[in-house]
2 protein chains.
Amino acid sequence: MPAKPRPSERPTPAPRSERGELPELARLDLGTLERRLGYFVRRLQVEIFQHFIAALASLNVRPAQYSVMVLIGHNPGQPQAAIARALGIERAALAKMLHELERRGWTQRLASVRDGRSHALFLTREGERALAGMEALTEGHERHLERRLGGRRYRELLALLKDFG
Amino acid sequence: MPAKPRPSERPTPAPRSERGELPELARLDLGTLERRLGYFVRRLQVEIFQHFIAALASLNVRPAQYSVMVLIGHNPGQPQAAIARALGIERAALAKMLHELERRGWTQRLASVRDGRSHALFLTREGERALAGMEALTEGHERHLERRLGGRRYRELLALLKDFG
DNA sequence: TATTGTTATACTCTATAACTATA
DNA sequence: TATAGTTATAGAGTATAACAATA
């Protein structure tokens, strides 16, 4: 549904984009946002997460849950604090998430033999299977991003960010 | 506070980072997250937003509020729907935010003369001043990001993302 | 019929504090 | 005294549906 022109109600003419087209779709002026890295990073992150959630809708898995499953899968036996620290999330948030993952039968907490305070985390057999399913869907999601961004931009972004992080 | 080594409680040796150091700080294996653009974009976005919020703490302005102020400032007289669409946020969320911005005396809603349904948005005189303050602090924030990421990576990221969005 | 702005609801995320049990 | 895990709370962000007024 094509929108109608938006009225500018002041003598001050609303600035137009540099491309010179008519304001039919009201391409607004981003102003100083054009120079804010956070603005563009946020827009991209939101788009990526939305597509990720849709891609994994059949498993009803959110990005944060996926990242926890991956980390436990690659680091079995680690305590919760180590996982939380590695992902930059709060211990409290992780505890709540693990409750849910355990309820689904995907993760397991075993009392640590070396430190009575900590829980060693593992995936269950079923959790391994679920993770395999997530990885298959996530691969498809990643290939979608590659097409969406263009292979070159995708690779350059990944290299820049990975090198930094 | 240096942490102690984390126990791996299974025969399976926990994978270590490629850098060969001892697992004193338990650098965990990111596994397949190493190939997920969304993971790195999210980590960067969170770091940027945290610093932004701290940098503008004296004004108590959140990133979304700042982006709305900038857009209204550069596109005076636009209706709410146009602002919401340009920023990719919900009309409902914007309505709530404008309530707050209006309460602070920074924005103004005038009934549109051309469309009885819509409100033309403007910054007040005070809003213009507040925005100027935000821009000064945001510039400092942006220069911090440039140092943090390295000037080259900062510029490359901004160019890649801006060109895409 | 469709759109604008609004309100209400629900759910997720985040941040914080307080608590216990261990170290 | 510090840490690990837990619980509870509050706040922000997001998504959705419903509604009145207007187009």
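Conventions adopted
- Residues numbered from 1 in each chain as written.
- Chains lettered and ligands numbered in written order.
- Predicted model: local features only at pLDDT ≥ 70, side-chain atom pairs only at ≥ 80, totals over all residues.
- Heavy atoms only, no water.
- Core = buried A, V, L, I, M, F, W, Y, C linked by side-chain atoms within 4.5 Å.
- Buried < 20%, exposed > 50% of the residue type's maximum accessible area, 1.4 Å probe, protein only.
- Helix = DSSP H or I, 4+ residues; strand = E, 2+ residues; numbered from the N terminus.
- Contact = heavy atoms within 4.5 Å.
- pLDDT = per-residue confidence, 0-100.
- Buried area = accessible area lost by both parts, 1.4 Å probe.
- Salt bridge = Lys/Arg side-chain N within 4 Å of Asp/Glu carboxyl O.
- Polar contact = N/O pair within 3.5 Å; in protein donor to acceptor, adjacent residues only side chain to side chain.
- Nonpolar A, V, L, I, M, F, W, Y, C, P; charged D, E, K, R; others polar.
- Expected span 1.5 Å × (residues − 1).
- Near = heavy atom within 4 Å.
- Phe/Tyr/Trp six-rings, centres within 6.5 Å; stacked < 30°, edge-to-face > 60°.
- Axes fitted to C-alpha atoms, helices over the stretch in contact; angles between N-to-C directions.
- Parallel < 35°, antiparallel > 145°, perpendicular 65-115°, else oblique.
- Left-handed = near helix turned anticlockwise from the far one by under 90°.

Undergrad: What should I look at first to understand the nonpolar core in this one?
TA: One broad trend across soluble globular proteins is that nonpolar side chains are buried collectively. Counting residues in hydrophobic clusters, the biggest one holds 81 residues, and the most contacted among them are A:Leu37, A:Met134, B:Leu37 and B:Met134. At 8 residues, helix 1 (residues 37-55) of chain A tops the list of elements feeding residues into this core. Contacts of A:Leu37, omitting those with residues within four sequence positions, involve B:Ile48, B:Glu142, B:Leu145, B:Leu149, B:Tyr154, B:Leu157, B:Leu158 and B:Leu161.

Undergrad: How do you make sense of the confidence of the model for chain A when you look at a structure like this?
TA: The predicted coordinates ought not to be read in detail in places where the model reports low pLDDT. The pLDDT averaged across chain A works out to 86; a share of 84% of its residues lies at or above 70. Considering only residues more than four positions removed or in separate chains, one finds that residues 1-24 of chain A, a stretch of pLDDT under 50, has 33 contacts.

Undergrad: It is not clear to me how the interface of chain B and chain A should be interpreted in this structure. Could you clarify?
TA: Many authors give the size of an interface as the accessible area that is lost as the parts come together. In this assembly, 69 residues from chain B lie in contact with 68 residues from chain A. Across the chain B to chain A interface the summed buried area is about 6,800 Å²; carbon plus sulfur atoms make up 63%. Our count for the chain B to chain A interface comes out at 8 salt bridges. With a shortest N-O distance of 3.1 Å, B:Arg36 and A:Glu139 are connected by a salt bridge. At the surface where chain B touches chain A, the tally comes to 19 residue pairs in polar contact (both at pLDDT 80 or more). Taken together, the elements giving at least two residues each to the side of chain B that touches chain A come down to helix 1 (37-55), helix 2 (63-74), helix 3 (80-87), strand 2 (119-123), helix 5 (125-149) and helix 6 (151-164) of chain B. Per element, the largest residue contribution to the side of chain B that touches chain A is 12 residues, and it comes from helix 1 of chain B. Each residue belonging to the side of chain B that touches chain A can be placed in one class, and the counts come to 35 nonpolar, 13 polar and 21 charged.

Undergrad: Where do I start with helix 1 of chain B in this structure?
TA: One turn of an α-helix holds 3.6 residues; hence residues three or four places apart share an orientation. For helix 1 of chain B, built from 19 residues, the straight-helix expectation of 27 Å at 1.5 Å per residue is met to within 8% by its first-to-last C-alpha distance of 27 Å. Along helix 1 of chain B, the residues classified as buried are B:Leu37, B:Gly38, B:Tyr39, B:Phe40, B:Val41, B:Leu44, B:Gln45, B:Ile48 and B:Phe52.

Undergrad: I tried to follow the protein's contact with DNA strand D on my own but got confused; where do I start?
TA: Close to DNA strand D lie 21 residues; A:Arg42, A:Ala81, A:Arg91, A:Arg109 and B:Gly116 are nearest. Atoms of DNA strand D within 4 Å of the protein: sugar and phosphate make up 66%, bases the balance. The contact in question runs from a phosphate oxygen of DNA strand D to an N or O atom on the backbone of A:His119, over 2.9 Å. Here a sugar or linking oxygen of DNA strand D and a side-chain polar atom of B:Arg62 are 3.4 Å apart.

Undergrad: I would appreciate a short explanation of the packing of aromatic side chains in the present structure.
TA: The geometry of an aromatic ring pair comes down to the distance between the two centres and the angle between the two planes. Residue and element names in this part refer to chain A. Applying the stated criterion across every chain yields a total of 4 aromatic pairs over all chains. On the basis of an interplanar angle of 50° and a centroid distance of 5.5 Å, the ring pair of Phe-52 and Tyr-66 is categorised as tilted. Linking Phe-52 in helix 1 with Tyr-66 in helix 2 (residues 63-74), this pair joins segments that are 14 residues apart in sequence. Taken as a pair, Phe-52 and Tyr-66 share a single burial class, namely buried.

Undergrad: It is not clear to me how the pattern of salt bridges should be interpreted in this structure. Could you clarify?
TA: Pairing between side chains of opposite charge can happen when their charged atoms approach one another. Applying the stated criterion to the full structure yields 26 salt bridges over all chains. The partner of A:Arg109 in a salt bridge is A:Glu102, and the shortest N-O contact between them spans 2.6 Å. Of the residues examined, A:Glu102 reaches a relative accessible area of 32% and is grouped as partly exposed. Among the salt bridges present, the one from A:Glu146 reaches A:Arg155, with a minimum N-O distance of 3.7 Å. Each of A:Arg36, B:Glu135, B:Glu139, B:Arg143, B:Glu146 and B:Arg155 takes part in one network of salt bridges that share partners.

Undergrad: I'm lost on the packing of helix 6 (residues 151-164) of chain A against helix 1 of chain B in this one. Help?
TA: Packed helices, taken two at a time, are described by the angle between their axes plus the distance between the axes. Where helix 6 of chain A meets helix 1 of chain B, the axes come as close as 9 Å, and the angle between the chain directions of the two elements is 55°. What the angle tells us is that helix 6 of chain A and helix 1 of chain B run oblique. For the pair helix 6 of chain A and helix 1 of chain B, the crossing hand works out as left-handed. On helix 1 of chain B, the residues that touch A:Tyr154, A:Leu157, A:Leu158, A:Leu161, A:Lys162 and A:Phe164 of helix 6 of chain A are B:Leu37, B:Phe40, B:Val41, B:Leu44 and B:Glu47.

Undergrad: Just to check I follow, could you spell out the environment of B:Glu135 for this structure?
TA: Owing to a relative accessible area of 15%, B:Glu135 belongs among the buried residues under this scheme. Not counting residues up to four positions away in its chain, the partners in contact with B:Glu135 are A:Thr32, A:Arg36, B:Tyr66 and B:Val70.

Undergrad: Any chance you could explain the protein's contact with DNA strand C here in plain terms?
TA: Residues and elements named next belong to chain B. What surrounds DNA strand C is a group of 21 residues, the closest being Arg-42, Ala-81, Arg-91, Arg-109 and Arg-117. Elements with a minimum of two residues in the surface near DNA strand C: helix 1, helix 3 and helix 4 (91-103). No other element matches the 4 residues that helix 4 contributes to the surface near DNA strand C. Of the residues belonging to the surface near DNA strand C, the class tally is 6 nonpolar, 6 polar and 9 charged.

Undergrad: Explain unusual backbone geometry here, please?
TA: The general pattern is negative phi for most residues beyond glycine and trans for most peptide bonds. Positive phi outside glycine occurs at A:Asn60, with the angle close to 50°. Following the sequence through the fold, A:Asn60 ends up in the loop between helix 1 and helix 2.

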